[in-house]
Amino acid sequence: MGVWGKGADRPAATDFESLRRAMVEQQILRRGIVAPRVLEAMSSVPRHEFIPENQRADAYSDQPLPIGEGQMISQPFMVAAMANALELAGSERVLEVGTGCGYQAAVLSLLAREVYTIESRAALADDSRERLARLGYPNVHVRAGDGTLGWPEAAPYEGILVTAAAPSIPPPLLDQLAEGGRLIIPVGASDRQELRRVSKTRGRTSEQFLYDCRFVPLIGRYGWPERAG
């Protein structure tokens, strides 16, 4: 269900700035995300630029949307909630697993010092790299590859965010999480998961349940196998 109820005065589909303000107010702030930096980032990033042209009228609606290659751009609230759960101050190095269209990475780029993001589908990685550069997010570094292995050359990371569902937490990501860092990841069956926050303190990890959720499967050595066909 979108932001605009039946009979409401809906702005023109091309009035993206108004739609974005309404998205932040109605979908994010009213659901309890109140961190000023997260709200500012969600208000700043033009979500409509990250989705296919034929989906742009729904760019700021309260739902995930298809972006091609069998992948989805997450619901705006979930993007904000995951970013909020990292509790970033601005000086961190962050790893994102599952670039998709690059929208979450763009949001993270306004909250962290550097963002390293990995996408298993080379075509999506190439498109996102071009898009992020064109829209002016120079602190985002994009790579195509197996995200369950992380990006060891740039480790450790104060924050790691996984945007696809894993059957269990990939050990390389735990290894690359910095002391005091936080890992946000959906874990569970392929059709339903729990969003968890993993914190590392004195070399040991602890887990906290955040939300019930549903994400596309994480593909890779420590994820789900690629489906044939």
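The coordinates are above.
Note that the structure is a prediction, hence the values are computed from the model and not measured. (Residues numbered from 1 in each chain as written. Predicted model: local features only at pLDDT ≥ 70, side-chain atom pairs only at ≥ 80, totals over all residues. Heavy atoms only, no water.)

*Asks:* Could you give me a rundown of the overall build of the protein chain, with the residues and numbers involved?
*Replies:* From N to C terminus, the protein chain includes six helices and nine strands. Taking 2.2 N^0.38 as the reference for a compact globule, 229 residues should give roughly 17 Å; the C-alpha atoms of the protein chain span a radius of gyration of 17 Å, in line with that estimate. When the 229 residues of the protein chain are sorted by exposure, 51% land in the buried category. Accessible surface, the protein chain as shown: approximately 10,600 Å² in total, 48% of it carbon and sulfur. For the protein chain, the centre of its 26 positive side-chain charges and the centre of its 28 negative side-chain charges are spaced 3 Å apart. (Helix = DSSP H or I, 4+ residues; strand = E, 2+ residues; numbered from the N terminus. Rg over C-alpha atoms; globule rule 2.2 N^0.38 Å. Buried < 20%, exposed > 50% of the residue type's maximum accessible area, 1.4 Å probe, protein only. Areas by Shrake-Rupley, 256 points an atom, 1.4 Å probe, with all protein chains shown as cover. Lys, Arg positive; Asp, Glu negative; His and termini not counted. Charge placed at Lys NZ, Arg CZ, Asp CG, Glu CD.)

*Asks:* So what's going on with the environment of Cys101? Which residues, and what values?
*Replies:* Checked against the element boundaries, Cys101 lands in the loop between strand S3 (93-97) and helix H4 (103-109). Taking relative accessible area as the criterion, Cys101 reaches 5% and is therefore assigned buried.

*Asks:* Tell me what's going on with the side chain of Glu96, and back it up with residues and numbers.
*Replies:* Looking at the secondary structure, you find Glu96 in strand S3. Here Glu96 is buried and forms no salt bridge, its nearest opposite-charge partner Arg131 lying at an N-O distance of 11 Å. Every residue in contact with Glu96, bar those within four places of it in the chain, is listed here: Gln104, Ala105, Leu108, Tyr116, Thr117, Ile118, Leu161 and Thr163. (Salt bridge = Lys/Arg side-chain N within 4 Å of Asp/Glu carboxyl O. Contact = heavy atoms within 4.5 Å.)

*Asks:* Can you lay out the environment of Pro152 for me, pointing to particular residues and giving the numbers?
*Replies:* One can find Pro152 in the loop between strand S5 (140-144) and strand S6 (157-162). Expressed as a C-alpha distance, the spacing of Pro152 and Pro217, which sit 65 residues apart in the sequence, is 22 Å.

*Asks:* Please provide a residue-by-residue account of helix H1 (residues 16-28), values included.
*Replies:* Its 13 residues place the ends of H1 17 Å apart at the C-alpha level, agreeing with the 18 Å of an ideal helix rising 1.5 Å per residue. Those residues of H1 not exposed but buried are Phe16, Ser18, Leu19, Arg20, Ala22, Met23, Val24, Gln27 and Ile28. Structurally, H1 contributes buried residues whose contacts are with helix H2 (36-44), helix H3 (76-86) and H4. (Expected span 1.5 Å × (residues − 1).)

*Asks:* If you had to explain the side chain of Gln176 to someone new, which residues and values would you point to?
*Replies:* Residue placement: Gln176 occurs in helix H6 (residues 171-176). Judged by its relative accessible area of 7%, Gln176 falls in the buried class. Within the local environment of Gln176, its side chain forms a polar contact with the backbone oxygen of Leu149, the two atoms lying 2.9 Å apart. Look past the residues within four positions of Gln176 in its chain and what remains in contact with it is Leu95, Leu149, Gly150, Trp151, Pro152, Ala155, Pro156, Tyr157 and Ile160. (Polar contact = N/O pair within 3.5 Å; in protein donor to acceptor, adjacent residues only side chain to side chain.)

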